[in-house]
Every structure is written in C-alpha cells, then in structure tokens.
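Spelled out from the first residue to the last, the chains are:
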Amino acid sequence: MTRLRILSLFAFAAPLLAQGNADWHTAFPAFKIAANLYYVGTADLAVYLIHTPSGNILINSDFEQDLPMIRASIEKLGFRYKDTKIVLISHAHGDHDAAVGVIQRETDAKLMVMDADVPDEESQAPGRPAAHVDRILRDQDSVELGGSKLTARLTPGHTKGCTTWTMKVQEGGRTLDVVIVGSPNVNPGYVLVGNTKYPQIANDYVKTFAVLKSLPCDVFLGAHGAYFSMKAKYEKMKAGGANAFIDPEGYRAYITERESSFRNEWERQKQNPGSPARRN
Ligand SMILES: [Zn+2]
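These numbers were taken from a predicted model, which means no experiment stands behind them. (Residues numbered from 1 in each chain as written. Predicted model: local features only at pLDDT ≥ 70, side-chain atom pairs only at ≥ 80, totals over all residues. Heavy atoms only, no water.)

A. Representation of the sheet that holds strand S11 (residues 174–181). Strand order in the open sheet made by the five strands is S8-S9-S10-S11-S12, with mixed pairing throughout. Strands at the two margins of the open sheet, each flanked by one partner only, are strand S8 (142–145) and strand S12 (219–222). Taken pair by pair, the neighbouring strands of this sheet meet at an average axis angle of 20 degrees, ignoring direction. Of the strand pairs in this sheet, S11 and S12 are connected by four bridges, and their pairing is parallel. Bridge pairing in S12 places Val-178 opposite Val-219. (Pairing = 2+ DSSP bridges. Helix = DSSP H or I, 4+ residues; strand = E, 2+ residues; numbered from the N terminus. Axes fitted to C-alpha atoms, helices over the stretch in contact; angles between N-to-C directions.)

B. Summary view of the coordination of the zinc ion. At 2.1 to 2.2 Å from the zinc ion lie its protein donor atoms, namely His-91 (NE2), His-93 (ND1) and His-158 (NE2). Mapping the donors of the zinc ion onto the primary sequence gives the spacing H-x1-H-x64-H. Taking relative accessible area as the criterion, His-93 reaches 11% and is therefore assigned buried. (Donors = N, O, S within 2.8 Å, 3.2 Å for Na, K, Ca; no water. Buried < 20%, exposed > 50% of the residue type's maximum accessible area, 1.4 Å probe, protein only.)

C. The environment of Ile-33, seen in detail. Position of Ile-33 among the secondary structure elements: in strand S1 (residues 31–34). Not counting the four nearest positions on each side in its chain, Ile-33 is found in contact with Tyr-38, Tyr-39, Tyr-48, Glu-171, Val-219, Leu-221, Asn-243 and Phe-245. (Contact = heavy atoms within 4.5 Å.)

D. Inspection of the side chain of His-158 at higher detail. With respect to the element layout, His-158 can be found in the loop between strand S9 (148–154) and strand S10 (163–171). A distance of 3.2 Å separates polar atoms of two side chains, one belonging to His-158 and the other to His-93. Beyond its immediate stretch of four places on either side in the chain, His-158 contacts His-91, His-93, Ser-183, Asn-185, Asn-187, Tyr-190 and Tyr-205. (Polar contact = N/O pair within 3.5 Å; in protein donor to acceptor, adjacent residues only side chain to side chain.)

E. Structural context of the pattern of salt bridges. What the rule picks out here adds up to 15 salt bridges. Of the charged contacts, one joins Glu-106 and Arg-71 as a salt bridge, the two residues approaching to 3.0 Å between their closest N and O atoms. Here Glu-106 is found in helix H4 (residues 100–107), whereas its partner Arg-71 is found in helix H2 (residues 67–76), with 35 residues between them in sequence. For Glu-106, a relative accessible area of 28% puts it in the partly exposed group. A relative accessible area of 26% means that Arg-71 is categorised as partly exposed. The closest approach of N and O atoms between Asp-247 and Lys-233, which form a salt bridge, is 2.7 Å. Linking Asp-247 in the loop between helix H7 (230–238) and helix H8 (248–271) with Lys-233 in helix H7, this pair joins segments that are 14 residues apart in sequence. Of the residues examined, Asp-247 reaches a relative accessible area of 16% and is grouped as buried. Lys-233 gets classed as buried once you look at its relative accessible area, which sits at 9%. Via salt bridges that share partners, Lys-213, Glu-259 and Arg-263 belong to a single interconnected network. (Salt bridge = Lys/Arg side-chain N within 4 Å of Asp/Glu carboxyl O.)

F. Summary view of the packing of helix H6 (residues 201–214) against H8. Where H6 contacts H8, the two axes come as close as 10 Å, and the packing angle between them is 165 degrees. Our classification of the angle between H6 and H8 gives roughly antiparallel. The chirality of how H6 crosses H8 is left-handed. Across from Ala-202, Asn-203, Tyr-205, Val-206, Phe-209, Leu-212 and Lys-213 in H6, the residues of H8 making contact are Tyr-251, Arg-252, Ile-255, Arg-258, Glu-259, Phe-262, Arg-263 and Trp-266. For the contact of H6 with H8, a count of residues per class yields nine nonpolar, one polar and five charged. (Parallel < 35°, antiparallel > 145°, perpendicular 65-115°, else oblique. Left-handed = near helix turned anticlockwise from the far one by under 90°. Nonpolar A, V, L, I, M, F, W, Y, C, P; charged D, E, K, R; others polar.)

G. Main features of the packing of aromatic side chains. Per the counting criterion, the structure on display carries 17 aromatic pairs. An angle of 50 degrees between the planes, with centres 4.9 Å apart, marks the rings of Phe-31 and Tyr-234 as tilted. One end of the pair, Phe-31, is in strand S1; the other, Tyr-234, is in helix H7, with 203 residues separating them in the sequence. No difference in accessibility class separates Phe-31 from Tyr-234, as the two residues are buried. Taken together, the ring pairs connect Phe-28, Phe-31, Tyr-39, Tyr-48, Phe-220, Tyr-227, Phe-228, Tyr-234, Phe-245, Tyr-251 and Tyr-254 into an aromatic cluster. Stacked on the ring of Tyr-198, the Lys or Arg Lys-160 has its end atom at 5.2 Å from the ring centre. If you follow Lys-270 out to its NZ or CZ, it ends over the ring of Trp-266, 4.0 Å from the centre. (Phe/Tyr/Trp six-rings, centres within 6.5 Å; stacked < 30°, edge-to-face > 60°. Lys NZ or Arg CZ within 6 Å of the ring centre and 35° of its normal.)

H. Examining the sheet that holds strand S2 (residues 37–39) more closely. A sheet is described by the order of its strands in space; here seven strands give the open sequence S1-S2-S3-S4-S5-S6-S7, paired in mixed fashion. At either end of the open sheet lies a strand with only one pairing partner, and these are S1 and strand S7 (135–137). Geometrically, the sheet is characterised by an average inter-axis angle of 25 degrees between neighbouring strands, direction not taken into account. Note: S1 against S2, three bridges, orientation antiparallel. Each residue of the ladder has a partner; that of Ala-34, found in S2, is Leu-37. The strands that H4 touches are strand S4 (55–59), strand S5 (84–88) and strand S6 (110–114); relative to S5, the one it contacts most, it runs at about 165 degrees.

Everything listed here is a matter of coordinates, which is why it stays silent on function.
Right under this line is the structure:
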C-alpha cells in the first residue's frame, strides 16, 4: 500500500472517529429554546424539534444508541414521537444522521437531505441503518409544515452537502432569526490541498463562511451543543432572565474564529502538501 493510499484512507476514516467525547451519549434535559423550537438532543449532539399543528419536524437523529434518549425527551415535552412528519440533517456524518433510517421506519417521517449529501445519507456503511431520501434539497429550498418554514442553506466543506438551517420565530412580540449552523469545522484528517475526492473543498469552505456571515442571526444554534455553549446557556436560562440563546454577538464571534482557524489550516497545508489536518 502506497503512502498516498494510506493517507487517503486516513482522510476518509478520521472524520468519522473524530470529536467523540463523553457528552455525545449523555442524556440532557429537553427544553424550549424559543416559540415552537425545542432542544431534544444529548449533552452535545444537538437534535431540534419544531412543533406544529400538523406534526413535528426533527433536525438530526444522532446515533442509534442515542435514539431512546431523544424519544424520551420528545415525550417529556408532551409531544409524540410518532407525530414526527419530517426529518432533516445538519450533514451526513453518523453523529448527526446515523439513526434517521430508524426514525423513518418508526414514524413514517419523510427524510429531506441536501443533494450533495444524498449518496452518503443512503450509503450502507457499517453501523448505518438503511435510509431513503424522500426529497432532495437544493440551496435555499424551503421545508414547510403546519405554518412553520425552514430554509436550507448549502454550507459545504465539512461535507459536500452540509446544511445550515434558518427559520424565523415569534417571541415576546419580536421576530427572531434562528440559525442552526451545519458545521464550519475542518476535522482531523481533512485534506484541503490536493484532495482528489473533493478537489473544491477549500473553496467550498470559503463560500460557507461568506454565507454564514450573510445570515441575520438572533438565536445562535448548531449541530453540536459545543458550537454555541449550549450547556452554559441552558444553565443561564434556568436561572431566569433574558433568553441566553439569543446571542447575535456570540454567533459573529464564532464565525470569525472558525474562519480564521480554517484559513490558518489552509495556509499550513499549502506550506506542507500532503499533511492532513490534525485538529480543528
Ligand atoms: Zn461532522
């Protein structure tokens, strides 16, 4: 096996193994974020529920082993898991989508996925229950149910079809812009320069940061709780006072920091061709 082949295998496998931590599979209390938008994920793997009179939308499934916690969270809020009508994902990595096929089977929900992530979504890799994409999405497509509307924004790089979801909610007489960041991260093992499987990866990240910077954001959310300090904000919210998830400054600071991290890594790889990313 050539050195290049070993490197490219590493580049494929590492993102799947990367970033695991104890919070991934730890239960977290379900809570209302704003209006009809709820958090039903684990202590780090975010799952969002949008409740409507016509049923519920779920964003992300986490791994199959996490699904009992998600179901329990949905029921604890007084909603029915069986009322899941639509399942969406942040991007086609197992920590966000591995259980979508199970949700489909158990609820008859329709799975809607950004076009460039469809092949990975439907792949039969080990540990991935079969899933069938019912609707293929493109940038700026909307997903509507029971008076709620989400917009899919293509934010590629982390995966080819990585999706940032936006919606508007009404709270306290205000209209709030919600942004659920798909992922701006360059994972360990990612190759930004001379990537034969994904030649445009670096330019895709550049496009992603342009999109993220263009989005109006009041409520800052993302695929991992760690992106937006979910646990700390939850504690603040429980203590009373203003809704800590309304954090436009936190969103701007996060995007700025992530973009500079990406650009530093891109420069480093330009200087060291064939040296994949080691950390985000
Ligand atoms: Zn990922």
